[in-house]
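Here is how the chains run, residue by residue.
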Amino acid sequence: MTTPGIDYRALFAVTPSPYLVLAPDLVVADVNEAYLRATGRTRDELIGRYLFEVHPDNPADPEANGVRNLNASLQRVLRSRAPDTMAVQKYDVPVSGHPGVFQVKWWSPINTPVLGPDGEVQWIIHRVEDMTEFVLTRSPRSRPGDPGEERSAMEAELYARAQELQRLNEELREAHARERQTALTLQEAMLHSPDLAGHRDIAVRYMPATQSLNVCGDWYDVVDLSEDTFTVAVGDVVGHGLEAAAVMGMLRSALSAAVRAIHEPGKAMDVLCRYARTFEGALATTAVKAVIDTRRRHITYTSAGHLPPALSRSDGTVSLLDQATEPPLGVVTGQATRAQATVAYTPGDTLVLYTDGLIERRDEDIDAGLRRLTGALARHARLSPCRLADALLASLGVADSGCDDIALVIVRL
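Residues numbered from 1 in each chain as written. Predicted model: local features only at pLDDT ≥ 70, side-chain atom pairs only at ≥ 80, totals over all residues. Heavy atoms only, no water.

S.K.: Which residues make up helix 9 (residues 265-276), and what values do they have?
M.R.: Helix length check: helix 9 (twelve residues) gives 16 Å between terminal C-alpha atoms against 16 Å at 1.5 Å per residue, within 8%. By the burial criterion, the buried members of helix 9 are Pro265, Gly266, Ala268, Met269, Asp270, Leu272, Cys273 and Ala276. (Helix = DSSP H or I, 4+ residues; strand = E, 2+ residues; numbered from the N terminus. Expected span 1.5 Å × (residues − 1). Buried < 20%, exposed > 50% of the residue type's maximum accessible area, 1.4 Å probe, protein only.)

Here you go:
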């Protein structure tokens, strides 16, 4: 049986709820008949014009805030690419053919994004329900105790509560935005790595978990030790948010200072381990550090419970550097110095350090994630460090962040 073609434009035109279609620049792209009836406008008055040009605030109402509230909702949709439901709004509409005359209107709006193939907002569907009759209905003959009077009071209370809820939501959004900006500023200061600018063949990616404040306990670092040696490191503090980020900042700074004084990564990691024992938030932190000697062309590395770095050879083979793995920070090993190992490299090889958010998935063995990583490295070995970083994130399904924090460092040797 063949399903007949559906004329979606005809369906849209007769949809009973009022709909307006907006471009990302908030220019009206289409409108259905229900919207024209609800607002008393014509298509020619709306299509191709900026939304707030055809729907301004009522100048006769000093408390009018429809433009501000609706614009804030539409901007949230553009940023989040998610629907936004608004509280009941008083938003008067101009009377067609009568300049300066407005009709009192209350609306219940929902703004829904339509995403394009690239995942960005291509259109916004602005749906409204006309609540004017519901809000304004009053019984002029009602006496105290009449059901009509009680219903009117309930309606007025409902509208007042909806407006108060919207005000509180706006305050919460503003507070969250301030907190997020503070957190971002703190994170950027703690992750500042001045030596990184001198390494064009190093790419880094830093992606806090989805739904976080954009701060986390993962870190990366690049430190120049001499003219022909430098070190790279990544680490992962247990937890998320500001507390984990604060611990991250202390540990990162301690390891960065230790490796400047002690160039051997095993001994530097041992210093960090003893430091981590002094405060509870640092226990079970994992980290890996590698010192690259460009004159001798070898890498010396050590790991404190961290996932093994990957060394991608220019011939397409990939090996995991897992010969110097010790317990996480804060755990007593019984050895004077943490183990370290050395491996030779050839110019053109690529060293990859990462945190577990890149490869770990729930209900899956970690070896499956490591196989995905090495397979992606083998396929994309010839890409530049920046392009390789993006290719790995895409191949592992975390190009737009994931359920856990991610720090990634790619070094073209």
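That shown, we press on.
S.K.: I'd love a proper account of the sheet that holds strand 19 (residues 406-412), names of residues and values included.
M.R.: Sheet architecture is open: five strands sit in the order 9-19-18-14-15, paired in antiparallel fashion. The outermost strands of the open sheet, each flanked by one partner alone, are strand 9 (202-207) and strand 15 (318-320). Neighbour to neighbour, the strand axes of the sheet diverge by 15° on average, direction disregarded. Packed onto the sheet, helix 10 (residues 366-379) meets strand 14 (310-312), strand 15 and strand 18 (350-354) and runs at close to 145° relative to strand 15. Along the sheet, helix 11 (residues 385-395) makes contact with strand 9, strand 18 and strand 19, crossing strand 19 at roughly 145°. (Pairing = 2+ DSSP bridges. Axes fitted to C-alpha atoms, helices over the stretch in contact; angles between N-to-C directions. Contact = heavy atoms within 4.5 Å.)

S.K.: Summarise the nonpolar core; cite the residues concerned and give the values.
M.R.: If you look at the biggest cluster of nonpolar residues, it comprises 48 residues, and the most contacted ones within it are Ile202, Val232, Leu251, Ile292, Ile299, Leu351 and Val409. If you tally residues by element for this core, the top one is helix 8 (residues 241-261), at seven residues. Look past the residues within four positions of Val409 in its chain and what remains in contact with it is Ile202, Ala203, Val204, Tyr220, Val232, Ala233, Val234, Leu351, Val352 and Leu353. (Core = buried A, V, L, I, M, F, W, Y, C linked by side-chain atoms within 4.5 Å.)

S.K.: How would you explain unusual backbone geometry if you had to name every residue and give the values?
M.R.: Most peptide bonds take the trans form, and the phi angle of most residues other than glycine is negative. The phi dihedral of Leu26 falls on the positive side, at around 65°, and the residue is not glycine. Here Leu26 shows up in the loop between strand 1 (19-22) and strand 2 (28-31). Using a relative accessible area of 2% as the deciding quantity, one classes Leu26 as buried. For Arg81, which is not glycine, the phi dihedral falls at a positive 55°. Along the chain, Arg81 turns up in the loop between helix 5 (66-80) and strand 3 (84-85). The class for Arg81 is partly exposed, based on a relative accessible area of 35%.

S.K.: Break down the pairing of strand 19 for me, with residues and values.
M.R.: Among the seven residues that make up strand 19, seven are buried, leaving the element largely enclosed by the rest of the structure. Residues Ile406, Leu408, Ile410 and Arg412 of strand 19 are buried on one face, and the alternating residues Ala407, Val409 and Val411, pointing to the opposite face, are buried as well. Pairing between strand 9 and strand 19: six bridges, direction antiparallel. Bridged to Tyr206 within strand 19 is Ala407. Inspection of the sheet shows strand 18 paired to strand 19 by five bridges, in the antiparallel sense. Its bridge partner lying in strand 19, Val352 is registered against Ile410.

S.K.: Can you break down the packing of helix 10 against helix 11 residue by residue, with the values?
M.R.: In contact at an axis separation of 10 Å, helix 10 and helix 11 are set at 140° when each is read in the N-to-C sense. The angle between helix 10 and helix 11 places the two elements in the oblique class. Helix 10 and helix 11 meet at a crossing whose hand is right-handed. Here Leu373, Ala376, Leu377 and Arg379 of helix 10 lie close against helix 11, whose contacting residues are Leu388, Leu392 and Ser395. Here the contact of helix 10 with helix 11 is built from residues that sort into five nonpolar, one polar and one charged. (Parallel < 35°, antiparallel > 145°, perpendicular 65-115°, else oblique. Left-handed = near helix turned anticlockwise from the far one by under 90°. Nonpolar A, V, L, I, M, F, W, Y, C, P; charged D, E, K, R; others polar.)

S.K.: Can you lay out the environment of Lys267 for me, pointing to particular residues and giving the numbers?
M.R.: Topologically, Lys267 is positioned in helix 9. Classification of Lys267 as partly exposed rests on a relative accessible area of 38%. With 73 residues separating them along the chain, Lys267 and Gln340 place their C-alpha atoms 8.7 Å apart. With residues near it in sequence (within four places) discarded, Lys267 still touches Ile262, Thr337 and Gln340.

S.K.: Give a detailed account of the packing of aromatic side chains, specifying residues and quantitative values.
M.R.: Under the defined criterion, the tally for this structure stands at three aromatic pairs. Between Phe12 and Tyr19, the aromatic rings sit 6.4 Å apart at their centres with planes inclined by 50°, giving tilted as the arrangement. Both residues of the pair, Phe12 and Tyr19, count as buried. Residues Tyr50 and Phe52 carry aromatic rings whose centres are separated by 5.7 Å and whose planes lie at 80° to one another, so their mutual orientation is edge-to-face. You can call Phe52 buried: its relative accessible area is 10%. (Phe/Tyr/Trp six-rings, centres within 6.5 Å; stacked < 30°, edge-to-face > 60°.)

S.K.: Break down the pairing of strand 13 (residues 298-304) for me, citing the residues and quoting the values.
M.R.: Each regular strand shows side chains that alternate between the opposite faces of the sheet. Counting buried residues along strand 13, seven of its seven residues qualify, which places the element largely inside the surrounding structure. Of the two faces of strand 13, both are covered, the one formed by His298, Thr300, Thr302 and Ala304 as well as the one formed by Ile299, Tyr301 and Ser303. In this structure, strand 12 (residues 286-293) lies alongside strand 13, joined through six bridges in antiparallel fashion. Note on strand 13: the bridge partner recorded for Val288 is Ser303. Once strand 12 ends, the chain turns through four residues before running back antiparallel as strand 13, passing Arg297 with a positive phi of about 60°. In terms of strand pairing, strand 13 meets strand 17 (residues 341-344) through four bridges, oriented antiparallel. The residue bridging Ile299 from the neighbouring strand is Val343, located in strand 17. Pairing of strand 13 with strand 16 (residues 325-326), which is carried by two bridges, proceeds in the parallel orientation. Residue pairing for strand 16: Ser303 is matched across the bridge by Thr325.

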